[in-house]
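Residues per chain, in single letters:
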Amino acid sequence: MAEDYVPPKVWTWDKSNGGAFAAVNRPTAGAQREAELPVGEHPFQLYSLGTPNGQKVTIMLEELLELGITAAEYDAWLIKIFENDQFGSGFVSINPNSKIPAMVDRSGPEPIRVFESGAILMHLAEKFGHFLPSSGAARAEVLSWLFWQVGSAPFMGGGFGHFYHYAPFKIEYAIDRYSMETKRLFDVANNRLKETRFLGGDDYSIADMSAYPWLGNIYRGEAYGEAATFLSMHEYEAVGRWVAEIDARPGVKRGRLVNTNKGILERHSGSDFAALPEVVL
Ligand SMILES: N[C@@H](CCC(=O)N[C@@H](CS)C(=O)NCC(=O)O)C(=O)O
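Residues take numbers from 1 onward in each chain, read along the sequence in its written order. Where totals are concerned, whole chains, interfaces and linings use all residues; where local detail is concerned, this predicted model gives features only for residues with pLDDT of at least 70, and gives and counts side-chain atom pairs only at 80 or more.

Undergrad: Describe the pairing of strand β1 (residues 44-48), with residues and values.
TA: Three exposure classes are used. Buried residues have 20 or more other C-beta atoms within 10 Å of their own C-beta, exposed residues have 12 or fewer, and partly exposed residues fall in between, all C-beta atoms being placed from the backbone. Helix and strand assignments come from DSSP, with helices taken as H or I runs of at least 4 residues and strands as E runs of at least 2, each series counted from the N terminus. Counting buried residues in β1 gives 5 out of 5 residues, a clear majority hidden from the surface. The side-chain alternation of β1 yields two buried faces, one formed by Phe44, Leu46 and Ser48 and the other by Gln45 and Tyr47. With the strands aimed away from the viewer, a crossover counts as right-handed if its path from the first strand over the helix to the second runs clockwise. As for the winding sense of the linkage, the β-α-β connection from β1 through helix α1 (residues 52-66) to strand β2 (residues 74-78) is right-handed. Examined bridge by bridge, β1 and strand β3 (residues 102-105) share 4 bridges and lie antiparallel to one another. Of the residues in β3, the one forming a bridge with Gln45 is Val104. At least two DSSP bridges between two strands are required for those strands to pair.

Right under this line is the structure:
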């Protein structure tokens, strides 16, 4: 990256930029090949990968099952985004944005497609009447924190994570800009969590399920190499207290393992977790 780079009048796609996602990213949308999606026997068909955005939904589904809601049973199919599964025609038909997670709700007479992690969380929360207050200030607060997270994740992932960890060469300007924003976002969460047990208030909600995989992974040092040290995670004590509380929830423990090679690549039944050693679960 030359500091004297001058953008040309018209940008053109340089396929060989060398970045970690060079083979995946392109400036166009739509299906690149025909590929049907598999359909399992459960009411919810999830097509995903165990990234933070994917974990939001598997945590929600496992939390609902933990409450004894068997109608939330689901099949979680693996979408290998580094092998371009998200550009198959079946996947694009349920998410024209070609990103995991995407879900089909087959519990009613007609299948309903839902894409975008926040929309999926809301859909499930409203359907089952859990983890989202039904009205008033409490609902507004949960939705505010939910959309705060969905709106800010690209600055943490596509901004900080990309330029600090994945970019083929390090650009100080970009790393400074997104480190600043990521630390500011951690400070927002930390200030809130000094005052309230959960992001939405006293009760655990879809706002926590949305933010936890992102903040938790960076806080624990499980994302972007040395990012926890680089961003001085020890400064965010209230976030740490909240991460530890959520870490311990059984539904969260299971949800974090779905569609990952550390856990289970696909999930079609609660018994799929039985094969995992206790230390993992
Ligand atoms: N705003 C979306 C973001 C989803 C997203 O960025 N998914 C990533 C993985 S975490 C993905 O599928 N990337 C594949 C690609 O960009 O081609 C959401 O919250 O669901």
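Undergrad: Requested: an account of the domain arrangement of the chain, with residues and values cited.
TA: Taken as a whole, the chain is organised into domain 1 (1-131 + 257-281) and domain 2 (136-247). A separation of 20 Å is found between the C-alpha centroids of domain 1 and domain 2. Contact definition: two residues whose C-beta atoms, as placed from backbone geometry, lie within 7 Å. Tallying the contact residues gives 15 residues for domain 1 and 16 residues for domain 2. Put simply, the parts of the chain that give the side of domain 1 that touches domain 2 at least two residues each are α1 and α3 (117-128). All domain edges in this entry derive from an automatic or database-based domain assignment.

Undergrad: I'd like to hear about the pairing of strand β4 (residues 112-115), residue by residue, with values.
TA: As paired elements, β3 and β4 share 4 bridges and run antiparallel to each other. Note on β4: the bridge partner recorded for Ala102 is Phe115. The hairpin formed by β3 and β4 contains 6 residues between the paired strands.

Undergrad: How would you sum up α3? Please name residues and give values.
TA: Relative to the 16 Å expected for 12 residues at 1.5 Å per residue, α3 spans 17 Å between its end C-alpha atoms, a close match to the ideal helical length. Every buried residue belonging to α3 is among Ser117, Ile120, Leu121, Met122, Leu124 and Ala125, and all of these are buried. Here the buried face of α3 lies against α1, β3, β4, α4 (136-166) and α6 (206-219). Just downstream of α3, Gly129 is the residue with a positive phi angle, here 65°. Here a helix's expected span is defined as the number of its residues, less one, multiplied by 1.5 Å.

Undergrad: Any chance you could break down the nonpolar core for me, citing the residues and the numbers?
TA: Only buried Ala, Val, Leu, Ile, Met, Phe, Trp, Tyr and Cys residues enter a nonpolar core, and they are joined through C-beta atoms within 7 Å. With 67 residues, the main nonpolar core has Met60, Leu121, Ile206, Leu215 and Val239 as its most contacted residues. Here the element with the most residues in this core is α6; it accounts for 9 residues. Counting contributing residues per domain, this core is built from domain 1 (1-131 + 257-281) and domain 2 (136-247), each supplying no fewer than three. Residues in contact with Leu121, not counting those within four places in the same chain, are Lys56, Val57, Met60, Leu146, Ile206, Met209 and Ser210.

Undergrad: Describe the environment of Arg26, naming the residues involved and giving the relevant values.
TA: Assignment of secondary structure puts Arg26 in the segment before β1. Residues Arg26 and Asp14, 12 residues apart in the sequence, show an inter-C-alpha distance of 9.4 Å.

Undergrad: Explain the sheet that holds β4 residue by residue, including any values.
TA: Reading across the sheet, the 4 strands line up as β2-β1-β3-β4 and stay open at both edges, with mixed pairing between neighbours. Both edges of this open sheet fall to β2 and β4, since each of them pairs with a single strand only. Recorded for the sheet is a direction-independent mean angle of 20° between the axes of neighbouring strands. Note on geometry: axes are C-alpha line fits, over the in-contact stretch for helices, and angles between N-to-C directions span 0 to 180 degrees. Against the sheet, α1 contacts β1, β2 and β3, and its axis sits at roughly 155° relative to β1.

Undergrad: Pulling in residues and values, what's your account of α4?
TA: Given a rise of 1.5 Å per residue, 31 residues ought to cover 45 Å, and the 42 Å separating the end C-alpha atoms of α4 matches this to within 8%. Two axes are fitted around each residue, one to the seven residues ending there and one to the seven starting there, and the angle between them is reported as the bend at that residue. Residue Ser152 marks the point of greatest curvature in α4, where the axis turns by about 35°; the proline Pro154 follows within four residues. Among the residues of α4, those classed as buried are Val142, Trp145, Leu146, Gln149, Ala153, Met156, Gly157, Gly159, Phe160, Gly161, Phe163 and Tyr164. Elements in contact with the buried residues of α4: α3, α5 (172-195), α6 and α7 (227-230).

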